[in-house]
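Breakdown of the fold
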Amino acid sequence: MKENISVNLKNTGDFVSGEEILALAQQSVRHLDALNAGTGAGNDFLGWLSLHDDILPQIDRIEKKAEHLRHVSDLTVVIGIGGSYLGARAVIEAVSHSFSSFRKGKHHDIIYAGQNICEDYMANLLDILNERDYSVIVISKSGTTTEPAIAFRIIKDHLEKKIGKEKAADRIIAITDSSKGALRTLSELNGYDTFVIPDNIGGRYSVLSPVGLLPVAVSGCDIRELVKGARAMAEITRNNHNSPTNPSLLYAAARNLLLQSGRPVEILAGFTPRLHYFLEWWKQLYGESEGKDGKGIFPASVDFTTDLHSLGQYIQEGQRMIFETMISVKSFSGKIVIREEKENSDELNYLAGKRLSEVNSSAESGTILAHNDGGVPVIRIEVPALNEYYAGQLIYFFEMACAISGYILDVNPFDQPGVEAYKKNMFALLSKPGFEEAGKKLRERLKH
Ligand code: PA5
């Protein structure tokens, strides 16, 4: 039997007791029940709970479309922002070769756009697209989000000029609402193939829908394994009332008790750069789900050991308002052993015969103990290996824990009303029709 992801609470014991965590986890079973029964806040956004099953009829079509894009081009631009790109990027970077775009020979590159409005980024991207044979996946549930809409307008224009409108239409796939939004209208007008984001799935919970699965499949990763991993985690968490064996209940309870103990900041740490975008995906999931009504744990992230040489100082000795969650990967597949050297001028012979992963794992254990000594509790998420299957487990584990944690905090974990504030101001300042009055007021404010 395959091992599963688990939560290790050994290094929180000096700060909140195991009994307290188990007690809150057990009390939180009612939140699990509310999710399953659809009786809690945001109950019109619960499609993610069974997405690992509901997506199965679409897997063949997603794989075929991915194969088509890989066949007609050697690079795909994935356009989207927030939940419409982070999940795919998290999985692709966690499980693909770290330097795939530098490899010789045939491979398919993925580049991201529409997640910023930086002019230089776009200009540099167009330089690359001039030289490459590319396809486009444009993702927007609302179909009206400004950043991806602008990127798509520019890139669509570039592709049509490069290969003609008809050929471009064959290489553009849109993932959007089934009937609403500008992207749906554009797709119908231009004859793009489309996939649908169901109404009952919010952006940040959409990675196991075509939003995540199509880009992941185009990158060459195995989406069936990803979905299988998510299903395995759903079996462990969704109907499991026995909290000691339900990692999502344990994690949700532990982090809320650490918040109550005066630690409003959670830092998620990985000891491999491959997890960098997983940490970004997690920050969005937890930040947008919990940060509302004046509540929530602030989600931050660090890449260790890199950031031990920057933020490590603050974590060790700065203001005591932090707890850490470490994603602890047990085994790595690339075998690099440090060799003995006769001269030993770099004085590293004490490491001779050890794999790099052993050194990394000692760094991790040493860091946990040091941070504990500095007053920082550490929750450990133990992951057997970094591959599609465990990426799927991690996704479902974090989504389920996030929903439970939101209910513990008594917020709706499935909306994001605060995201609109900056958009309204930006539209007003850019004189979007309908925002003229607001624009005048903001310009006045900017004068002072
Ligand atoms: O989680 C969310 O709902 C958001 O982060 C959205 O995914 C993000 O704002 C992009 O929205 P859309 O897909 O409508 O372009």
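The shown structure was predicted, so the numbers you read here are calculated from the model rather than taken from an experiment.

With that out of the way, let us pick up the nonpolar core. Counting residues in each nonpolar core, the largest one holds 97 residues, and the members touching the most others are Leu35, Trp48, Tyr251, Trp281, Ile381 and Phe398. Of the residues forming this core, the biggest block, 15 residues, is contributed by helix α16 (residues 388-409). If you count residues domain by domain, this core takes at least three from each of domain 1 (6-41 + 226-417) and domain 2 (47-224). Within the second largest apolar cluster, 20 residues are counted, among which are Leu129, Val136, Ala169 and Ile172.

Moving on: the sheet that holds strand β7 (residues 265-270). If you walk across this open sheet you meet the five strands as β1-β10-β9-β7-β8, and the pairing is mixed. A strand with exactly one partner marks an edge of an open sheet, and here the two such strands are β1 (6-8) and β8 (298-303). Sheet twist, expressed as the average angle between the axes of neighbouring strands with direction ignored, equals 25°. The sheet contact formed by β7 and strand β9 (residues 322-331) spans six bridges and is parallel.

Turning to the packing of helix α13 (residues 276-290) against α16, a few remarks are in order. Packing of α13 against α16 brings their axes to within 10 Å, and their N-to-C directions diverge by 20°. In this view, α13 runs roughly parallel relative to α16, as classed from their interaxial angle. For the pair α13 and α16, the crossing hand works out as right-handed. Counted together, Phe278, Trp281, Trp282, Leu285, Tyr286, Ser289 and Glu290 of α13 and Ala391, Leu394, Ile395, Phe398, Glu399, Ala401, Cys402, Ser405, Gly406 and Leu409 of α16 form the full contact between these two elements. Per-class residue counts for the contact of α13 with α16 are twelve nonpolar, three polar and two charged.

A few words on the side chain of Asn8. Tracing the backbone through its elements, the reader meets Asn8 in strand β1. Accessibility expressed as a relative area gives 13% for Asn8, which makes it buried. Among the polar contacts made by the side chain of Asn8, one reaches the side chain of Glu382 at a distance of 3.0 Å. When neighbours within four sequence positions are excluded, Asn8 is seen to be in contact with Val378, Ile379, Arg380 and Glu382.

Before going further, it helps to examine the site of the ligand. Taken together, 13 residues lie around the ligand, and Ser84, Ser140, Ser142, Thr145 and Gln284 are the ones closest in. Within the backbone of Gly203, one N or O atom sits 3.4 Å away from an oxygen atom of the ligand. Class assignment of the residues belonging to the shell around the ligand gives a composition of one nonpolar, nine polar and three charged. A domain-level breakdown of the shell around the ligand finds at least three residues from each of domain 1 (6-41 + 226-417) and domain 2 (47-224).

Turning our attention to the pattern of salt bridges. Following the criterion strictly, the structure yields 24 salt bridges and no others. Note that Arg255 and Glu266 form a salt bridge whose closest N and O atoms lie 2.8 Å from each other. Of this pair, Arg255 sits in helix α12 (residues 247-260) while Glu266 sits in strand β7, placing them eleven residues apart in sequence. Of the residues examined, Arg255 reaches a relative accessible area of 0% and is grouped as buried. We classify Glu266 as buried; its relative accessible area is 0%. With a shortest N-O distance of 3.0 Å, Lys283 and Glu280 are connected by a salt bridge.

Spatially, five strands are ordered β3-β2-β4-β5-β6 in an open sheet, and the strand pairing comes out parallel. The sheet is open, and its two borders are formed by β3 (109-113) and β6 (193-196), each paired with just one other strand. Each adjacent strand pair in this sheet contributes to an overall mean axis angle of 20°, direction not counted. Where strand β2 (residues 75-79) and strand β4 (residues 134-140) come together, five bridges link them in parallel fashion. Bridge pairing links Ile79 to Val138 in β4. Here helix α10 (residues 210-218) sits on the sheet and contacts β2, β3, β4, β5 (172-176) and β6; the angle it forms with β4, its principal contact strand, is near 165°.

Rules used in this analysis
- Residues numbered from 1 in each chain as written.
- Predicted model: local features only at pLDDT ≥ 70, side-chain atom pairs only at ≥ 80, totals over all residues.
- Heavy atoms only, no water.
- Core = buried A, V, L, I, M, F, W, Y, C linked by side-chain atoms within 4.5 Å.
- Buried < 20%, exposed > 50% of the residue type's maximum accessible area, 1.4 Å probe, protein only.
- Helix = DSSP H or I, 4+ residues; strand = E, 2+ residues; numbered from the N terminus.
- Domains from an automatic or database assignment.
- Pairing = 2+ DSSP bridges.
- Axes fitted to C-alpha atoms, helices over the stretch in contact; angles between N-to-C directions.
- Parallel < 35°, antiparallel > 145°, perpendicular 65-115°, else oblique.
- Left-handed = near helix turned anticlockwise from the far one by under 90°.
- Contact = heavy atoms within 4.5 Å.
- Nonpolar A, V, L, I, M, F, W, Y, C, P; charged D, E, K, R; others polar.
- Polar contact = N/O pair within 3.5 Å; in protein donor to acceptor, adjacent residues only side chain to side chain.
- Near = heavy atom within 4 Å.
- Salt bridge = Lys/Arg side-chain N within 4 Å of Asp/Glu carboxyl O.

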